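# What the coordinates show
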Amino acid sequence: MTLETWGYPTEAAFLRVLHGGNVSAALALAGDLAVYGSCHFVQNQLFLLGRKGFHTLIIRNWKERMEHLDVLYNNVWETYVMDPFSKAILLESLEAYILNDKLRDLPVPISQEYITHFEKTKRFQALEASLTHLDITSLDIHQVMNSSNRHGLYDALLYVYNKGMMDFLTPFEELMEKLMSSMDSFESKDAAPKVVELGNKLLVYVSCCLAGRAYPYGDIEESFVNDVKCRVYSVLTALHTKGAPDDEAFYPYLRTLLTFDTQGLLNVLAIAFEEKEFQGEMGSCRKQRLIDILLKIMVKGSDPYDASQGLDVSRDLLDRVLEVLTERPEEGVAYAKEERQQALYEMIRLGNTWVSYFDKDKLVERCELAGFYRI
């Protein structure tokens, strides 16, 4: 395969152009001594075409040879940084090693250039992933915070707050404020994807914190686990936000997440309830408080929850519950018919207005098929 096959003219081709006419005598003379330098980058190899030779430079996996990291950070970097194209190649070659955790420590000046380059090339997803794999001491915190806020790099923002400042509440409160202010435009075609992304990340973040896990991966330091769980639980169930306006609805954080993704939030809480902090007498009190708050949010009006009040439950949800309770279980599944009938009976008996939500004909039909003759 020739270099011309790759799209790179050889020196001979370059000279043919110069001597082919329509060029000045000076340029023709210069052509005899000119060097046509071409380069091509494939994975970790850089191919260079010079006047008298063809050169291949291989970017080694320096992480495997720790004694040579100083060469990468000094000699190699100082050489490559003088040429923008070469610098870009070197910076992009670091990505794979960073994401594989083979290169977690970078000098701050190099990480600054890395962030700037990925911002300029608009590779925000790759940048966000890289930032969460670098040691916090390798980062310019101010630069990362600005970049994260500017481009919506929520994982990086949470990572810096959690790892760099051991602050698990401030980023949650800030991002919840952003989610709450965005909920009004949730139906907007342009706004929805970013809102959904933020809401989903916050649900995962809450789940991680309540389970004592670091976000987006790893574990929280053992000495901080209990404190993080308690603090996140407290802020999640806060009656109001800091500096709340007079007209703010109660329990804004839980209310927002419940509105954003009801099933998602309930799944998060169900997982959290398995933790030791929700076991025993004190744990039962925490669970009961959460359930009471959720019921209060679902009740129409702003008065404290009372068990005699009806719940604001959608018809679709009740229809789905009806289908689940009246469907025949798979063979071998221990799901007693009488227990299902009793559950549906209690819903109808205690729900008061819920009965009017059901399609009467469908209710009768489903009960007959399931053999719920008592209902």
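Residues numbered from 1 in each chain as written. Predicted model: local features only at pLDDT ≥ 70, side-chain atom pairs only at ≥ 80, totals over all residues. Heavy atoms only, no water.

In the annotation of an unreviewed UniProt entry, the entry for the protein reads Vacuolar protein sorting-associated protein 8 central domain-containing protein, and the organism field reads Caligus rogercresseyi.

Turning to a negative patch on the surface, a few remarks are in order. On the surface, a cluster of negative charge is contributed by Asp359, Asp361, Glu365 and Glu368. Looking at the element boundaries, Asp359 is found in the loop between α17 (354-357) and α18 (360-370). When its relative accessible area of 41% is taken as the criterion, Asp359 is described as partly exposed. (Patch = residues over 30% accessible without salt bridge, like charges linked within 9 Å, V, L, I, M, F, W, Y side chains within 5 Å. Areas by Shrake-Rupley, 256 points an atom, 1.4 Å probe, with all protein chains shown as cover. Salt bridge = Lys/Arg side-chain N within 4 Å of Asp/Glu carboxyl O. Lys, Arg positive; Asp, Glu negative; His and termini not counted. Charge placed at Lys NZ, Arg CZ, Asp CG, Glu CD. Helix = DSSP H or I, 4+ residues; strand = E, 2+ residues; numbered from the N terminus. Buried < 20%, exposed > 50% of the residue type's maximum accessible area, 1.4 Å probe, protein only.)

Next up on the list: the side chain of Glu119. Tracing the sequence through the fold places Glu119 in helix α5 (residues 108-120). For Glu119, a relative accessible area of 15% translates into the label buried. Separated by 2.8 Å, the side chains of Glu119 and Ser147 make a polar contact. With residues up to four places along the chain from it excluded, the contact list for Glu119 reads Phe124, Leu127, Ser147, Arg150 and His151. (Polar contact = N/O pair within 3.5 Å; in protein donor to acceptor, adjacent residues only side chain to side chain. Contact = heavy atoms within 4.5 Å.)

In this section: the side chain of Gln143. With respect to the helices, strands and loops of the structure, Gln143 is situated in helix α7 (residues 141-151). Every residue in contact with Gln143, bar those within four places of it in the chain, is listed here: Ser111, Gln112, Ile115 and Thr116.

Under the defined criterion, the tally for this structure stands at six aromatic pairs. An angle of 85° between the planes, with centres 5.7 Å apart, marks the rings of Tyr205 and Tyr215 as edge-to-face. You can see Tyr205 sitting in helix α10 (residues 192-210) and its partner Tyr215 sitting in the loop between α10 and α11 (225-236), a full 10 residues away along the chain. Pairwise contacts between aromatic rings join Tyr233, Phe273 and Phe278 into one cluster. In this structure, Arg255 packs its charged tip against the face of Phe250, placed 4.7 Å from the ring centre. Over the face of the ring belonging to Phe273 we find Lys287, whose NZ or CZ atom lies 5.8 Å from the ring centre. (Phe/Tyr/Trp six-rings, centres within 6.5 Å; stacked < 30°, edge-to-face > 60°. Lys NZ or Arg CZ within 6 Å of the ring centre and 35° of its normal.)

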